[in-house]
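Secondary and tertiary structure notes
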Number of protein chains: 4
Amino acid sequence: MCYAHPVTTATSAPLASRRSERSRLAILDAALALCAEQGYANLSVEAVAARAGVGKQTIYRWWPSKGAVLLDALVRESAPHAPIPDTGDVVADLGTIVLSVIELFTHPDFGPHLAALIGDAQRDPALAPALLEHFIRPRRAPIAERLQRAQRLGQLPASLDVDAVLEVIFGALYHRLLLRNGPLDPAYASFVVNIVLSGCSATQTKRRSRRRLEADP
Amino acid sequence: MCYAHPVTTATSAPLASRRSERSRLAILDAALALCAEQGYANLSVEAVAARAGVGKQTIYRWWPSKGAVLLDALVRESAPHAPIPDTGDVVADLGTIVLSVIELFTHPDFGPHLAALIGDAQRDPALAPALLEHFIRPRRAPIAERLQRAQRLGQLPASLDVDAVLEVIFGALYHRLLLRNGPLDPAYASFVVNIVLSGCSATQTKRRSRRRLEADP
Amino acid sequence: MCYAHPVTTATSAPLASRRSERSRLAILDAALALCAEQGYANLSVEAVAARAGVGKQTIYRWWPSKGAVLLDALVRESAPHAPIPDTGDVVADLGTIVLSVIELFTHPDFGPHLAALIGDAQRDPALAPALLEHFIRPRRAPIAERLQRAQRLGQLPASLDVDAVLEVIFGALYHRLLLRNGPLDPAYASFVVNIVLSGCSATQTKRRSRRRLEADP
Amino acid sequence: MCYAHPVTTATSAPLASRRSERSRLAILDAALALCAEQGYANLSVEAVAARAGVGKQTIYRWWPSKGAVLLDALVRESAPHAPIPDTGDVVADLGTIVLSVIELFTHPDFGPHLAALIGDAQRDPALAPALLEHFIRPRRAPIAERLQRAQRLGQLPASLDVDAVLEVIFGALYHRLLLRNGPLDPAYASFVVNIVLSGCSATQTKRRSRRRLEADP
DNA sequence: AGTTAAACGAGACGGTACGTCAGGTCTTACA
DNA sequence: TGTAAGACCTGACGTACCGTCTCGTTTAACT
């Protein structure tokens, strides 16, 4: 379950690691609890170990940093998310999805921790890739598929880079999550979805100016 | 000049603060130099004080944190930026602006520090507002004005919230700056500008779906 | 009044120092007050200056250390002590004197401060001589005279070094003041006076063993 | 070996503390060395830690203050003292003992440190009891026994409080150690021993005046 | 069932930096 | 010019955690 060490994922490991599941869960729980109580900034490996009734070494053995622990915990916590809707209306479906995202982002036990994790990734070089691989990409992939389905149905230009589109949409959400210059509310969500998906449809006719820009130094 | 303490800004202060300009500059220079050499993560008030030949107390007297010091230094450093272009073509002009922004973001002595500052703002509650007020808003304001000029000329819908538009555009840039899932290059810049400004123009006709989303729970 | 700087002591200064008497008294009062409230350990030049409404420099200008300030203050405070009794009975008179000394030593606003001052003298080389000259010797001198009067009357051996005798007596008192291994009470006072003055009278007959000791390596 | 923490003293500790003997000795050595070089006043936990190649926490873990460290070091250093002499002549023996004490007190690597420790005990309430228990009482006890032996032989009054007698003798020595108003030399040593022990023998006949004093207010 | 090797809890260790306190010096403005 | 005020550099404080390193003690697979 831990992303950073080459540990087989529990299932069907012939020479099973002697890792204690009890400790693993206690650590993840302690990390979440402490984070909820005092915030990520005041989280420390020391405190997690104490709270989990675990030696510090046991944490360092399986995770490279406190950020890695919390990432694991958040992934576990937020894993069972709703299925991607497909009503046929791609704008409406994206709106629904983004609404559920801002719900997650504004949850006091999730948004601040995710923000702190991204923050910590600025000083821990290993954390950004881990975040991408274990949190962001797995959740973005099915949304990208939904957009690709729309492409196949001709609802969106086939040439569109859907990953980049999602980056623009989520960029707008993360911007408010991290900078806090405005509320992460449904109005903002629909504004972002509308403007970006409108732009997707209209982008074909704007190709020339795009090329001009690319030629610019 | 310091954003965080109630120091009169030079103008018309009869009982001028006895603050030492020499120390102030030495501290800002030391912060920048150390940050460039070892990165923000390894920056410490202790080291800045030592490098600047200054007592720690002198730093704590005028800034609340190392982040505040670096913010001041970055603002000073990046202050004299190019004027906002106005060729009449709002898409091209935005493209030019965003290009200069990614130039700044990809500069090794700026982008990582800005990213680290935003990161630090996740654990230092005072830093985010300071970043907004002293770095982001002053630089965003003239760009918003450029968009408003385009609105007045009918090049963009009058009802458009230009600040929100800029949040989407810059959100996309910050997303790559902070998560590093792709290069901050001219291609990405033009993609973002085109898709968002296209969406701005087309947004009028999409109003209905937006309203529908807002009505959604 | 200050012992440590070459300031004329008020008397007969032709071109009197422009020193502010108001500040001087405020400083001494503040030192005593702070000492009484929080103890000598927590006394600081900084705090005295603040309490006295005085610049730190004004203190450093006229006293070399916080100990010097407090010494001045204590000397001023404890100056008007009772006259030396002379009933003809030297043992009884010394007893009376020592009783008044332990009264002073056990006074919560004096004993601890004097002890702290002697303590501080162990790290401030200038303080020990100052203590001797301004506090100890002036108070010991009239007692020595009382003993000398007894010598002249034949109540004590003429060869006796009365200053050394007083050192033994006061040494015993200071021992309890500083080490606190027993109460500074009248019983101890009388024990000390009796044993030492008895020893003084008997010392004549013990001369031989003393000489033997002195010859020892 | 440390007086201030409840560490079992080696004997019969089944689950022995994991305390590092290497660090302990390095700390005591460093404290002594620094004290010898720069004096107790300039001694700091910081410097001891650096000199000993030890983390500051390791010092704070086992000692409550720098004074406690030095006390431990001095006790270790001065532990193997000469046996108490018993020639039958109590005055001569006490003289011998006191001579060895002033030898210790006048040693440049001991006297000043002991004085400083007593000085520090005036502001550190925990230090005075520690000094008594770990330095003064253990060294005074066998001397008191010597006096009690003399009492049993009728050389000294049986009613004499020998601890108090030693307080008077040592008080006289500490007085010179701390106030420095005269040399701690053999002449002073023999003067003190003679006068006090003479007083002991003569004290019987002086009982009346003592009682009179005690009745005094 | 006994052996053995890992993972475990506990926590001491050498360090780094924190943010605070006070020391003693220096500068400025007022009286 | 002496003061009140207070900024300045210095250095130590005691604390919090870091990440590493023993210690014995489970604990579970493999003799």
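Rules used in this analysis
Residues numbered from 1 in each chain as written. Chains lettered and ligands numbered in written order. Predicted model: local features only at pLDDT ≥ 70, side-chain atom pairs only at ≥ 80, totals over all residues. Heavy atoms only, no water. Salt bridge = Lys/Arg side-chain N within 4 Å of Asp/Glu carboxyl O. Helix = DSSP H or I, 4+ residues; strand = E, 2+ residues; numbered from the N terminus. Buried < 20%, exposed > 50% of the residue type's maximum accessible area, 1.4 Å probe, protein only. Contact = heavy atoms within 4.5 Å. Buried area = accessible area lost by both parts, 1.4 Å probe. Polar contact = N/O pair within 3.5 Å; in protein donor to acceptor, adjacent residues only side chain to side chain. Nonpolar A, V, L, I, M, F, W, Y, C, P; charged D, E, K, R; others polar. Least-squares fit on C-alpha atoms with pLDDT ≥ 70 in both. Arc of directions from axis to C-beta. Axes fitted to C-alpha atoms, helices over the stretch in contact; angles between N-to-C directions. Parallel < 35°, antiparallel > 145°, perpendicular 65-115°, else oblique. Phe/Tyr/Trp six-rings, centres within 6.5 Å; stacked < 30°, edge-to-face > 60°. Domains from an automatic or database assignment. Near = heavy atom within 4 Å.

1. A word on the pattern of salt bridges
Summed over all chains, the structure comprises 36 salt bridges over all chains. With a shortest N-O distance of 2.4 Å, arginine 24 of chain A and glutamate 21 of chain A are connected by a salt bridge. Of the two residues, arginine 24 of chain A and glutamate 21 of chain A both sit in helix 1 (residues 21-38), 3 residues apart, roughly one turn of that helix. What makes arginine 24 of chain A buried here is its relative accessible area of 9%. For lysine 56 of chain B, the salt bridge is made with glutamate 46 of chain B, and the minimal N-O distance between the two is 3.4 Å. Of this pair, lysine 56 of chain B sits in helix 3 (residues 56-62) while glutamate 46 of chain B sits in helix 2 (residues 45-52); the two residues are 10 residues apart in sequence, bridging distant segments of the chain. Ionic contacts of the salt-bridge type, sharing partners, join the residues Asp86, Asp93, Arg146 and Arg149 of chain A into one network.

2. Observations concerning the interface of chain A and chain B
Across the contact, 58 residues belong to chain A and 57 residues belong to chain B. Taken together, both faces of the contact between chain A and chain B bury some 4700 Å²; the carbon and sulfur share is 65%. Of the charged contacts, one joins arginine 176 of chain B and glutamate 167 of chain A as a salt bridge, the two residues approaching to 2.8 Å between their closest N and O atoms. Taken together, chain A and chain B are joined by 12 residue pairs in polar contact (both at pLDDT 80 or more). For the side of chain A that touches chain B, the elements supplying multiple residues, two or more each, are helix 5 (90-106), helix 6 (111-121), helix 7 (127-152), helix 8 (162-179), helix 9 (186-202) and helix 10 (207-215) of chain A. With 14 residues, the top contributor of residues to the side of chain A that touches chain B is helix 9 of chain A. Here the residues of the side of chain A that touches chain B are counted per class, giving 32 nonpolar, 14 polar and 12 charged.

3. Quick word on the relation of the copies chain A and chain B
For these two chains of identical sequence, chain A goes onto chain B by a turn of 179° and a shift of 0.0 Å along the axis, with RMSD 0.1 Å. On this basis, the relationship between the two copies can be described by a two-fold rotation axis.

4. Considerations on helix 2 (residues 45-52) of chain C
All names here are of chain C. When we look at burial in helix 2, the residues that qualify are Val45, Val48, Ala49 and Ala52. End-on, the buried residues of helix 2 take up no more than an arc of 100°, which puts them together on one face. Relative to its buried face, helix 2 has exposed residues pointing more than 90 degrees away, namely Glu46 and Ala50. The elements touched by buried residues of helix 2 are helix 1 (21-38), helix 3 (56-62) and helix 4 (66-78). Glycine 53 sits one or two residues past helix 2 and shows a positive phi near 65°.

5. Points about the packing of helix 1 of chain C against helix 4 of chain C
Residue and element names in this part refer to chain C. Axis separation between helix 1 and helix 4 bottoms out at 9 Å; the angle between their running directions is 90°. When the axis of helix 1 is compared with that of helix 4, the two are roughly perpendicular. Between helix 1 and helix 4, the residues in contact are Leu25, Ile27, Leu28, Asp29, Ala31, Leu32 and Cys35 and Val69, Leu70, Asp72, Ala73, Leu74, Arg76 and Glu77, respectively. Residue composition of the contact of helix 1 with helix 4, by class: 10 nonpolar, no polar and 4 charged.

6. A short note on the relation of the copies chain C and chain D
Of the transformation superimposing chain C on chain D, the axial component is 0.0 Å and the angular component is 180°, with the fit at an RMSD of 0.1 Å. The share of interface residues of chain C whose copies in chain D are also at the interface is 100%, consistent with both copies meeting through the same surface.

7. Regarding the packing of aromatic side chains
Residues and elements named next belong to chain C. Inspection of every chain in the model, using the stated rule, returns 8 aromatic pairs over all chains. Geometrically, the ring pair formed by phenylalanine 105 and tyrosine 174 is tilted, given 5.1 Å between the ring centres and 45° between the ring planes. Of the two residues, phenylalanine 105 is situated in helix 5 (residues 90-106) and tyrosine 174 in helix 8 (residues 162-179); the sequence distance between them amounts to 69 residues. Taking the relative accessible area as the measure of exposure, tyrosine 174 reaches 4% and is therefore buried. Taking the centre distance of 5.8 Å and the plane angle of 35° together, the rings of phenylalanine 110 and phenylalanine 135 count as tilted.

8. Topic: the domain arrangement of chain A
Residue and element names in this part refer to chain A. The assigned domain composition of chain A is domain 1 (13-75) and domain 2 (81-215). With centres defined by C-alpha atoms, the gap from domain 1 to domain 2 works out at 30 Å. Carbon and sulfur atoms supply 77% of the area that domain 1 and domain 2 bury against each other, a total of about 970 Å² over both sides. Linking domain 1 with domain 2 are 3 residue pairs in polar contact (both at pLDDT 80 or more). Among the residues making up the side of domain 1 that touches domain 2, the classes are represented as 8 nonpolar, 2 polar and 1 charged.

9. Structural notes on the protein's contact with DNA strand F
DNA strand F sits among 35 residues. The nearest are Gln57 and Tyr60 of chain A, Gly55 of chain B, Ser20 of chain C together with Tyr60 of chain D. Here DNA strand F approaches the protein such that, of its atoms within 4 Å, sugar and phosphate make up 59%. Between threonine 58 of chain B and DNA strand F, the recorded distance is 2.7 Å, taken from a side-chain N or O atom to a phosphate oxygen. Looking at the surface near DNA strand F, the elements with two or more residues in it are helix 2 (45-52) and helix 3 (56-62) of chain A, helix 3 of chain B, helix 3 of chain C together with helix 2 (45-52) and helix 3 (56-62) of chain D. When grouped by side-chain class, the residues that make up the surface near DNA strand F number 8 nonpolar, 14 polar and 13 charged.

10. Examining the side chain of histidine 113 of chain C
Residues and elements named next belong to chain C. You can see histidine 113 is positioned in helix 6 (residues 111-121). Residue class for histidine 113 comes out buried when judged on its relative accessible area of 3%. Excluding its chain neighbours within four sequence positions, the residues that come into contact with histidine 113 are Cys35, Ala36, Leu70, Leu74 and Pro108.

11. Details of the environment of glutamate 167 of chain D
Along the chain, glutamate 167 of chain D falls in helix 8 (residues 162-179). Given a relative accessible area of 4%, glutamate 167 of chain D falls into the buried group. Between the alpha carbons of glutamate 167 of chain D and alanine 47 of chain D there is a distance of 36 Å; along the sequence they are 120 residues apart. Not counting residues up to four positions away in its chain, the partners in contact with glutamate 167 of chain D are Ala172, His175, Arg176, Asn181 and Tyr188 of chain C together with Arg140 of chain D.

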